[in-house]
Amino acid sequence: MFRKKPGARVAVRDERRSHHVPHSREVQVLVGIQRAIATPSSVRAARVLSHFGEHSAGWFALGLLGAAVDRRRRADWLTAAAGVVGSHAASIAVKRVVRRPRPDDPSVTVGVGTPSKLSFPSSHATSTTAAAVLYSELTGRNLVPALVPPMLASRLVLGVHYPTDVLAGAVLGGVTGGLLRRKLKSRKPKPR
């Protein structure tokens, strides 16, 4: 992490080594995934998901819509929507600590621009998983299988994350969403 410059009295941080660059095996897995599932239609769909999930805006908007439609549980919907944004913020904080660069290998096809050059964890995976966990509680349906895998796959199809980025994002979103879901469950009126 630190090296001493010739003639220097103090060690300086070696930026190349401080970034958590994945091993070539993870690049190979990413390229294999792209070759297996990246088609023109899957890339288009992945771009739609990417724009929807950017900064958790689409998931936040759905939470606001839930609050507008389900007036009886408006406070819960607003809490859940804020939780999605909070999960996104948590992923940004982790990114700034880890500082892992996005895929930058000639064999990886990048299909969308990103607001940051940092990769770990995937904020899209984090906010999507948090939204799926929280909104499952409010809709009474398990949304995780329908929402999470497509978003995770989209980040790989677009070449903007390594597989461990999306898995870590899903774990972070599951944990943050799960903690807030417990709070929402505790608010439910007890049956008489």
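Before any of the text, the structure's been laid out above.
First, a word on scope: everything that follows refers to the structure included in this document. Because the structure is predicted, anything quoted here is derived from the model rather than measured.

Conventions used here
Residues numbered from 1 in each chain as written. Predicted model: local features only at pLDDT ≥ 70, side-chain atom pairs only at ≥ 80, totals over all residues. Heavy atoms only, no water. Helix = DSSP H or I, 4+ residues; strand = E, 2+ residues; numbered from the N terminus. Buried < 20%, exposed > 50% of the residue type's maximum accessible area, 1.4 Å probe, protein only. Areas by Shrake-Rupley, 256 points an atom, 1.4 Å probe, with all protein chains shown as cover. Core = buried A, V, L, I, M, F, W, Y, C linked by side-chain atoms within 4.5 Å. Contact = heavy atoms within 4.5 Å. Phe/Tyr/Trp six-rings, centres within 6.5 Å; stacked < 30°, edge-to-face > 60°. Polar contact = N/O pair within 3.5 Å; in protein donor to acceptor, adjacent residues only side chain to side chain. Patch = residues over 30% accessible without salt bridge, like charges linked within 9 Å, V, L, I, M, F, W, Y side chains within 5 Å. Salt bridge = Lys/Arg side-chain N within 4 Å of Asp/Glu carboxyl O. Expected span 1.5 Å × (residues − 1).

### Some words on the overall build of the chain
A tally of helices and strands in the chain yields 8 helices and 2 strands. The order of helices and strands in the chain, counted from the N terminus, is β-β-α-α-α-α-α-α-α-α. Across the 192 residues in the chain, those meeting the buried criterion constitute 41%. Element-wise, carbon and sulfur atoms account for 62% of the exposed surface of the chain, whose accessible area totals about 10,900 Å².

### Some words on the nonpolar core
Ranked by internal contacts, the top residues of the largest apolar core, which has 13 residues, are Ala80, Val84, Leu134, Tyr135 and Leu138. Those residues in contact with valine 84 that sit more than four places away from it in its chain are Ser56, Trp59, Ser127, Ala130, Ala131, Leu134 and Tyr135. By size, the runner-up hydrophobic cluster in this structure holds 12 residues, among which are Leu30, Val148, Val166 and Ala170.

### So, the packing of aromatic side chains
Inspection of the entire model under this criterion finds 2 aromatic pairs. Geometrically, the ring pair formed by tryptophan 77 and tyrosine 135 is tilted, given 5.3 Å between the ring centres and 40° between the ring planes. Within this pair, whereas tryptophan 77 is found in helix H5 (residues 74-98), its partner tyrosine 135 is found in helix H6 (residues 123-139), the two being separated by 58 residues in sequence. According to the relative accessible area criterion, tyrosine 135 is buried, its value standing at 4%.

### Considering the side chain of serine 136
Within the secondary structure, serine 136 sits in helix H6. Look at serine 136 and you get buried, because its relative accessible area is 5%. In terms of polar contacts, serine 136 uses its side chain to reach the backbone carbonyl oxygen of arginine 141, at 3.1 Å.

### Some words on a nonpolar patch on the surface
Together, Phe52, Leu62, Leu65 and Val69 line one region of the surface with nonpolar side chains, adding up to about 360 Å² of accessible area. When residues in the nonpolar patch are grouped by element, the largest group, 3 residues, is from helix H4 (residues 57-69). Tracing the sequence through the fold places leucine 62 in helix H4.

### Observations regarding the pattern of salt bridges
Per the stated rule, a full pass over the model turns up 4 salt bridges. Between arginine 100 and aspartate 165 there is a salt bridge; the shortest N-O distance is 2.5 Å. With arginine 100 in the loop between H5 and H6 and aspartate 165 in helix H8 (residues 163-187), this pair connects stretches of sequence that are 65 residues apart. Its relative accessible area of 6% is what places arginine 100 among the buried residues.

### Regarding H4
Between the first and last C-alpha of H4 there are 18 Å, a value that for 13 residues agrees with the 18 Å anticipated at 1.5 Å per step. Residues of H4 that are buried: Gly58, Trp59, Gly63, Gly66 and Ala67.

### Points about the environment of valine 97
Positionally, valine 97 belongs in helix H5. Judged by relative accessible area, valine 97 falls into the exposed class, the value being 70%. Remark: the alpha-carbon pair of valine 97 and phenylalanine 120, spanning 23 residues in sequence, is separated by 9.4 Å.

Treat this as a map of the structure, not an account of what it does.
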